[in-house]
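Take a look at the letters that make up each chain.
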Amino acid sequence: MAVARWLGRPTTAPAIMDRVLVALVPAVGIAALLFGWQLLVHCVVALAAGAVFEALCQTLRKRPVRPFADRSTPVTCLLIAIGIPPSAPLWIPVVAVAVAILLAKELYGGLGRNVFNPAMAGYAAVLVAYPQSMTLLHATTGATALDAFRFRGGQTLEDLAGNPAFGMLAGAGFEWVNVAALLGGVYLMAVGVVHWRIPAAVLIGIALPAVAFYDGGSSASLGSPVFHWFAGATMLAAFFIATDPVTAPRRAGHQWLFGIAIGALVFAIRAGGSYPDGVAFAVLIGNLATPILDRLRHASAAA
């Protein structure tokens, strides 16, 4: 009976968020196993901060104090915590969660009214404000695969293959977090929480420029589609972040545009931006376009 409950299609916001939390467990667990137990400490700190900030907002609005009632805040907290380097100080997730809950979510009126994805707003804020604390160093090489790829000099992809920062598909460790996130995403699609359209669009958006700029592995190559699919936070972006129903367009055609644009922006930032991974910035830019796309939907309906 308990298993059947988690395989059924949810009909309420808390039930939907419960499914997302379950789907996140494999990615969080694999990340903690590969990058250190400190990641779990960051999860606990982020969840505690989220409960305090949400309770504070409920108190100020003179509403019943019930943090985590709709379970959207725990999802936000875990998405932030999984992206913060385990070596970062514990106040980093607190600041990120504060921006996510107080500014990106509650300032707009709470769940369902926010323009930007709260987790990405909080993560981007600390990434810009505290770049040194947000740099994840590989235990052996001192750099992640995306870092090594961007600053490889005249090395070919074959030369880079011997770098310990690289695994079988992409970055060592990150590829398995992406596999876990992919499995979680398949579960979300199976139970009807996520439609396949936006994840497919994001992955296609990353793959198209990757194919265009991939020449087989020279020093000028920008990486294969498989590398970019399993590097950084690609699968988390495709299945858990870009699919946020509040900050994504509602019309099917616009969802394709939205997802492809996010994927292309992720690739562009990885290839030529100042940050190795561009998921947070790509999603926030996509969120900016959502009201415009939805307005076009209403305009076409009125016509």
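Below you will find a few notes about this structure. (Residues numbered from 1 in each chain as written. Predicted model: local features only at pLDDT ≥ 70, side-chain atom pairs only at ≥ 80, totals over all residues. Heavy atoms only, no water.)

Considering the overall build of the chain
A tally of helices and strands in the chain yields 14 helices and zero strands. Seen in sequence order, the chain has helices and strands lined up from the N terminus as α-α-α-α-α-α-α-α-α-α-α-α-α-α. By element, 68% of the accessible surface of the chain is carried by carbon and sulfur atoms, the whole surface being about 13,700 Å². (Helix = DSSP H or I, 4+ residues; strand = E, 2+ residues; numbered from the N terminus. Areas by Shrake-Rupley, 256 points an atom, 1.4 Å probe, with all protein chains shown as cover.)

Here's the deal with the layout of surface pockets
Taken as a whole, the second largest pocket holds about 400 Å³ of empty space. Lining the second largest pocket are 23 residues, with Met-17, Val-75, Phe-240, Asp-244 and Pro-245 positioned closest to its centre. If you list the elements that add at least two residues to the lining of the second largest pocket, you get helix H2 (13-35), helix H4 (72-83), helix H6 (118-129) and helix H12 (234-241). Residue composition of the lining of the second largest pocket, by class: 16 nonpolar, five polar and two charged. (1 Å grid on protein atoms, 1.4 Å probe; cavity = no way out; pocket = protein on both sides within 12 Å on 5 of 7 lines; lining within 4 Å. Points joined across faces, edges and corners; volume = space filled by probe spheres on them. Nonpolar A, V, L, I, M, F, W, Y, C, P; charged D, E, K, R; others polar.)

Regarding the packing of aromatic side chains
A full pass over the atoms with the stated rule returns four aromatic pairs. Pairing Phe-35 with Phe-174 gives two aromatic rings, centres 4.9 Å apart and planes at 45 degrees, and the pair type is tilted. Placement of the pair is Phe-35 in helix H2 and Phe-174 in helix H9 (residues 174-190), with a sequence separation of 139 residues. For the pair Phe-213 and Phe-267, a centre-to-centre distance of 6.2 Å together with 20 degrees between the ring planes defines the contact as stacked. Here Phe-213, found in the loop between helix H10 (197-212) and helix H11 (225-229), pairs with Phe-267, found in helix H13 (residues 252-272); they are 54 residues apart in sequence, far enough to count as distant. (Phe/Tyr/Trp six-rings, centres within 6.5 Å; stacked < 30°, edge-to-face > 60°.)

Observations concerning the environment of Arg-66
Structurally, the position occupied by Arg-66 is in the loop between helix H3 (38-60) and H4. Linking Arg-66 and Ala-55, residues 11 residues apart in sequence, is a C-alpha distance of 6.6 Å.

Brief notes about a nonpolar patch on the surface
Together, Leu-33, Leu-34 and Trp-176 line one region of the surface with nonpolar side chains, adding up to about 330 Å² of accessible area. Its place among the elements puts Trp-176 in helix H9. (Patch = residues over 30% accessible without salt bridge, like charges linked within 9 Å, V, L, I, M, F, W, Y side chains within 5 Å. Salt bridge = Lys/Arg side-chain N within 4 Å of Asp/Glu carboxyl O.)

Some remarks on H6
Residues three or four positions apart in an α-helix share a direction because the helix packs 3.6 residues into each turn. Over its 12 residues, H6 extends 17 Å from the first C-alpha to the last, a length consistent with the 16 Å expected when each residue adds 1.5 Å. Of the residues making up H6, those classed as buried are Pro-118, Ala-119, Met-120, Ala-121, Gly-122, Tyr-123, Ala-124, Val-126 and Leu-127. The N-cap of H6, judged by a side-chain oxygen 3.1 Å from the amide nitrogen of Ala-119 a few residues on, is Asn-117. (Expected span 1.5 Å × (residues − 1). Buried < 20%, exposed > 50% of the residue type's maximum accessible area, 1.4 Å probe, protein only. Polar contact = N/O pair within 3.5 Å; in protein donor to acceptor, adjacent residues only side chain to side chain.)

Things to note about the pattern of salt bridges
Side-chain pairing between opposite charges can occur once the charged atoms of the two side chains come close. Scanning all chains against the criterion turns up five salt bridges. The salt bridge partner of Glu-106 is Arg-61, with a shortest N-O separation of 2.6 Å. Placement of the pair is Glu-106 in the loop between helix H5 (91-105) and H6 and Arg-61 in the loop between H3 and H4, with a sequence separation of 45 residues.

Focus on the packing of H2 against H3
Contact geometry for H2 and H3: axes closest at 7 Å, N-to-C directions at 135 degrees. For the element pair H2 / H3, the angle class is oblique. Along the contact surface, H2 presents Val-28, Ala-31, Ala-32 and Phe-35, while H3 presents Gln-38, Leu-39, Leu-40 and Cys-43. Class assignment for the residues of the contact of H2 with H3 results in seven nonpolar, one polar and no charged. (Axes fitted to C-alpha atoms, helices over the stretch in contact; angles between N-to-C directions. Parallel < 35°, antiparallel > 145°, perpendicular 65-115°, else oblique. Contact = heavy atoms within 4.5 Å.)

Some words on the nonpolar core
Nonpolar side chains in soluble globular proteins generally cluster together in the buried interior. Leu-79, Val-97, Met-120, Leu-236, Phe-240, Ile-241 and Ile-262 are the most contacted members of the largest nonpolar core, which has 70 residues in total. For this core, the element with the highest residue contribution is H2, accounting for nine residues. Look past the residues within four positions of Leu-236 in its chain and what remains in contact with it is Leu-24, Ala-27, Leu-79, Ile-82, Asn-178, Ala-181 and Ile-241. (Core = buried A, V, L, I, M, F, W, Y, C linked by side-chain atoms within 4.5 Å.)

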